[in-house]
Amino acid sequence: MSKKLVAYFSASGVTAKLAKTLAEAVDGELFEIVPETPYTAADVNWKNPLSRCNKEKVGKKDVPIKNKLENMDSFDTIFIGFPIWYWAAPNIINTFVKQYDLSGKKIVLFATSGGSDIGKTADKLKPYLSEGAEIIGAKVLNGDQSVDALKKWAESLGV
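The rules behind the values
- Residues numbered from 1 in each chain as written.
- Predicted model: local features only at pLDDT ≥ 70, side-chain atom pairs only at ≥ 80, totals over all residues.
- Heavy atoms only, no water.
- Pairing = 2+ DSSP bridges.
- Helix = DSSP H or I, 4+ residues; strand = E, 2+ residues; numbered from the N terminus.
- Axes fitted to C-alpha atoms, helices over the stretch in contact; angles between N-to-C directions.
- Contact = heavy atoms within 4.5 Å.
- Salt bridge = Lys/Arg side-chain N within 4 Å of Asp/Glu carboxyl O.
- Buried < 20%, exposed > 50% of the residue type's maximum accessible area, 1.4 Å probe, protein only.
- Phe/Tyr/Trp six-rings, centres within 6.5 Å; stacked < 30°, edge-to-face > 60°.
- Lys NZ or Arg CZ within 6 Å of the ring centre and 35° of its normal.

Spatially, the 5 strands line up as an open sheet ordered β2-β1-β3-β4-β5, and their pairing is parallel. Only two strands of the sheet have a single partner each, and these edge strands are β2 (29–32) and β5 (134–140). Recorded for the sheet is a direction-independent mean angle of 20° between the axes of neighbouring strands. Relative to β2, strand β1 (residues 4–8) is paired through 4 bridges, and the arrangement is parallel. Its bridge partner lying in β2, V6 is registered against L30. Sitting on the sheet, helix α3 (residues 91–98) is in contact with β1, β2 and β3 (77–83), with an inclination near 160° to β3. Packing of helix α5 (residues 147–156) onto the sheet brings it into contact with β3, β4 (106–112) and β5, and relative to β4 it is tilted by some 140°.

Below, the structure written as structure tokens:
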């Protein structure tokens, strides 16, 4: 039986709620990706071209992460969750995957969004992954998701 991790970044709590339900559905360990400097409502106001999220995305900046997972090698499958920002994962997710050797791991992306679909999010994240890491699924999961629905989705991916 493979060991699963559900790692997530949540700016407003929506992705956090989903991640907790997913961790229950797949019997996975939960890990919150926390930025060193927390985001404020003004920081994530995408309508303001000078907001932090815009500056990070345009500048392709790494976002320093406050916490580190010490037992990454013990997981076979890693679910990574985040809100969609600019049709992709927020830069903090790029920073997260770059700091670990994920070769040989199965990666499943899950996202929340106010209007975007998953698009080319997986393709945009691939350059930051270790060689040999494989993205086996990517999906936007909006609204209330049941444990059973999430379990079926994970099983459909073979995990």
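And the narrative resumes.
Across all of its chains, the model carries 5 salt bridges by this definition. The shortest N-O distance in the salt bridge between E56 and R52 comes to 2.8 Å. Placement of the pair is E56 and R52 together in helix α2 (residues 52–59), with a separation of 4 residues, close to one helical turn. Assigned by exposure class, E56 and R52 land together as buried. A cluster of three or more residues bridged by salt bridges with shared partners is formed by D43, R52 and E56.

With that out of the way, let us pick up the packing of aromatic side chains. Tallying each qualifying case throughout the model produces 6 aromatic pairs. The ring centre of Y39 lies 3.8 Å from the NZ or CZ of R52, which sits over that ring.

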